[in-house]
Amino acid sequence: MDRVYDDKIRLLLVDDEEGFRRTISKRLAKRGMIPVQASDGEECLGILKTTPMDVVVLDVKMPGISGIDTLRLIKQEFENIQVILLTGNVAVSDGIDGIKSGAFDYLTKPVEIDHLVNKIKQAFEIIQLEKEKQKERGYREKLEKKMIDTERLVSLGTMSTGIAHEINNPLAIINESAGFMKQVISSPEMSMFSQKDALLLGIEKIEKSIKRARKITHELLGHVKKQDSQFSQANLKALLYETLGLLKREIKNKQININWEIDPKKNMVWSDPYQLRQVMMNLLSNAIHALGENGSITLSTRETSEDIILEIKDDGIGIPKENLGKIFDPFFTTKPFDEGTGLGLFVAHKILSGLGCKIDVTSTVGKGTCFQIRLPKYDKSNE
Amino acid sequence: MIKIPIKILIVDDEKDFVEMFSLRLKKQGEKVSTAYNGKDALKVLETVPIDVVILDIRMPGMDGIDTLKQIKTLHPIVEVILLTGHGSTETAVEGMKLGAFDYLMKPADFKDINVKLENARKRKDEQEERIRQAEARLLLRRSGDF
Ligand SMILES: Nc1ncnc2c1ncn2[C@@H]1O[C@H](COP(=O)(O)OP(=O)(O)O)[C@@H](O)[C@H]1O
Ligand SMILES: [Mg+2]
């Protein structure tokens with residue numbers, strides 16, 4: 001192994017005999033390893049507290065804290081450090097005790113320097129391996145968690161749309177039945193019936209509940225992908241314009257200003273226009289909801305070499321920091337039950353990942369919120 | 001104001017839905033026929049005059065879309081409103097490209113249904129009127145030729 005490699009090993013040599021330390025250090029230095037020195041266990045532990053080390057070469061027989069005790073203390077506090085023990089010729093049992101307490105190996109004095117160098121290198125390799133393993137473990141854990149998250153979302157998505165499908169039909173039957181009952185009770189023949197109002201009240205509650213359930217199923221179905229969902233050239237401005245048309249009433253009621261900052265040259269993307277419109281719908285209705293009277297929404301586009309970034313910005317109430325991580329979760333909402341389902345952003349996020357787009361959000365409470373969508377640019381080679 | 005009944009055909013395989021929905025429409029004075037599948041719907045259209053078909057499009061089989069195509073080929077003047085318990089608005093938009101007048105998602109709001117029914121009927125009347133005028137012009141021109 002080359003010198004550069006040996007240079008990297010952070011080495012601490014602990015022995016109470018100064019002469020021995022000096023000789024060993026000099027010899028190690030010749031082989032490219034420059035150890036830090038300590039004369040007893042206490043000094044050794046003091047150095048370790050402030051200076052990170054890889055390998056400690058530790059004499060067993062020292063005044064003060066014994067070598068074995070020092071070893072135990074090192075292992076307790078610094079699990080990544082490897083310790084090589086130096087024992088007297090007669091005290092082999094010390095070495096064995098040492099291994100039991102976690103030493104990497106032991107050498108008997110007098111020490112053969114090449115032997116020591118080899119041991120140090122082996123110990124260092126073990127450390128590297130251990131570090132690799134730890135890194136890999138951390139990485140795998142992260143990956144697994146991410147996979148569980150994605151899987152959870154995907155299966156949740158599939159399941160919830162399935163349920164939404166199945167629920168809409170019975171819901172429709174309940175709806176028509178309740179509606180029919182209302183018609184019957186409201187007819188002139190029933191005008192003398194004294195309990196009429198009570199029945200109508202009950203039916204009204206049924207109808208209100210149907211509306212509430214419908215809101216949920218419809219939002220969930222908003223992202224069902226048609227089998228032959230088509231990518232094509234899509235004009236962001238036109239799509240936004242259409243979507244705002246659907247929200248006309250709310251915009252007028254709150255007198256919201258729409259600022260168009262869309263460069264017609266940075267406006268064409270390659271995507272599925274239907275699904276994009278759904279995303280815009282969800283984001284714009286959230287923006288409108290976050291605004292008071294006379295608020296504004298700013299729509300702008302930017303360009304990178306491959307993408308167009310669409311920004312939908314409002315100067316509304318903003319999102320508190322602690323909620324930012326949750327807004328894309330299904331059913332997360334801060335709105336009263338008859339106004340929010342907590343599915344808008346979940347669906348938007350799902351659609352966009354399906355389209356290979358990214359969505360980001362920045363927000364300041366009291367100042368406003370900005371959603372950025374990164375979309376692949378349209379160029380003729382797409383077709 | 002006297003209500004002129006709209007002649008409606010409801011097509012859906014959910015029998016309970018068809019039953020209640022038609023009771024409701026009848027109660028408000030419409031003339032309602034029913035069918036539980038596309039084939040029967042086409043049979044009804046052969047024999048009964050219909051203004052508007054309310055047609056359920058089922059996602060997997062797409063037979064709702066097929067039925068729509070057939071209706072628009074055989075009876076182009078009849079308006080179709082799509083009703084969907086499944087699928088997204090995309091399917092509905094595709095349906096509209098194939099000539100459907102409008103679409104509703106189940107469960108639909110009765111007021112919405114009524115507005116759309118009324119508009120569909122209006123469009124059918126206008127179409128018929130235009131055809132009558134065109135025929136009249138044609139007749140006139142022909143008689144002018146002689
Ligand atoms: N533009 C916005 N301004 C402030 N808060 C927002 C905005 N968009 C989303 N939110 C927050 O994220 C939550 C989740 O949004 P969404 O998934 O669309 O569900 P919903 O709108 O039904 O509550 C909202 O309840 C709201 O707290
Ligand atoms: Mg929302």
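The rules behind the values
- Residues numbered from 1 in each chain as written.
- Chains lettered and ligands numbered in written order.
- Predicted model: local features only at pLDDT ≥ 70, side-chain atom pairs only at ≥ 80, totals over all residues.
- Heavy atoms only, no water.
- Helix = DSSP H or I, 4+ residues; strand = E, 2+ residues; numbered from the N terminus.
- Buried < 20%, exposed > 50% of the residue type's maximum accessible area, 1.4 Å probe, protein only.
- Contact = heavy atoms within 4.5 Å.
- Areas by Shrake-Rupley, 256 points an atom, 1.4 Å probe, with all protein chains shown as cover.
- Pairing = 2+ DSSP bridges.
- Axes fitted to C-alpha atoms, helices over the stretch in contact; angles between N-to-C directions.
- Near = heavy atom within 4 Å.
- Polar contact = N/O pair within 3.5 Å; in protein donor to acceptor, adjacent residues only side chain to side chain.
- Nonpolar A, V, L, I, M, F, W, Y, C, P; charged D, E, K, R; others polar.
- Parallel < 35°, antiparallel > 145°, perpendicular 65-115°, else oblique.
- Left-handed = near helix turned anticlockwise from the far one by under 90°.

Participant: When you look at the overall build of chain A in this model, what are you seeing that I'm missing?
Facilitator: Helices and strands together make up the secondary structure of chain A, namely 12 helices and 12 strands. In chain A, which comprises 383 residues, the proportion classed as buried is 43%. Counting only contacts in chain A whose residues sit at least 6 apart along the sequence, the fraction spanning at least 24 positions is 69%. Carbon together with sulfur atoms contributes 54% to the accessible area of chain A, which is approximately 21300 Å² in total.

Participant: Help me out: how do you make sense of the sheet that holds strand β11 (residues 358–364) of chain A in this one?
Facilitator: Sheet strands associate in pairs through backbone hydrogen bonding, adopting either a parallel or an antiparallel arrangement. Residues and elements named next belong to chain A. Sheet architecture is open: 5 strands sit in the order β7-β9-β10-β12-β11, paired in mixed fashion. Of all the strands in the sheet, just β7 (257–261) and β11 have a single pairing partner and so form its edges. Geometrically, the sheet is characterised by an average inter-axis angle of 15° between neighbouring strands, direction not taken into account. Judged from the 7 bridges that link them, strand β9 (residues 296–303) and strand β10 (residues 307–314) form a sheet pairing that is antiparallel. Pairing of L299 across the sheet is with I312, part of β10. On the sheet, helix α8 (residues 236–246) packs against β7, β9, β10 and β12 (368–376) and is oriented at approximately 170° with respect to β7.

Participant: Explain the site of ligand 1 to me, please; I cannot follow it from the model alone.
Facilitator: Residue and element names in this part refer to chain A. The immediate surroundings of ligand 1 are formed by 19 residues, with N286, T333, T334, K335 and T341 found nearest. Measuring from an oxygen atom of ligand 1, one finds a backbone N or O atom of T341 at 2.7 Å. At a separation of 2.8 Å, an oxygen atom of ligand 1 approaches a polar backbone atom of L345. In isolation ligand 1 exposes 530 Å². Once the protein is present, 95% of that is buried. Looking at the shell around ligand 1, the elements with two or more residues in it are α10 (273–290), α12 (344–354) and β12. For the shell around ligand 1, the element with the highest residue contribution is α10, accounting for 3 residues. Considered class by class, the residues forming the shell around ligand 1 number 8 nonpolar, 9 polar and 2 charged.

Participant: What exactly am I supposed to notice about the sheet that holds strand β1 (residues 7–11) of chain B here?
Facilitator: Residue and element names in this part refer to chain B. Taken in spatial order, the 5 strands make up an open sheet running β2-β1-β3-β4-β5, and their pairing is parallel. Lying at the two open borders of the sheet, with one neighbouring strand each, are β2 (31–35) and β5 (102–105). In this sheet, neighbouring strand axes are inclined to one another by 20° on average, regardless of whether the strands run parallel or antiparallel. Sheet topology note: the β1/strand β3 (residues 52–56) ladder contains 4 bridges and is parallel. Bridging across to β3, V11 finds its partner in L55. This element, helix α2 (residues 38–47), spans β1, β2 and β3 of the sheet and lies at about 165° to β1.

Participant: Explain the packing of α10 of chain A against α12 of chain A to me, please; I cannot follow it from the model alone.
Facilitator: A pair of packed helices is captured by two measures, namely the crossing angle of their axes and the spacing between those axes. Residues and elements named next belong to chain A. In contact at an axis separation of 9 Å, α10 and α12 are set at 150° when each is read in the N-to-C sense. Here α12 runs roughly antiparallel to α10, going by the angle between their axes. For the element pair α10 and α12, the recorded crossing hand is left-handed. Contact residues: Q275, L276, Q278, V279, N282, L283 and N286 in α10; G344, L345, V347, A348, I351 and L352 in α12.

The values are spatial; any link to function lies outside them.
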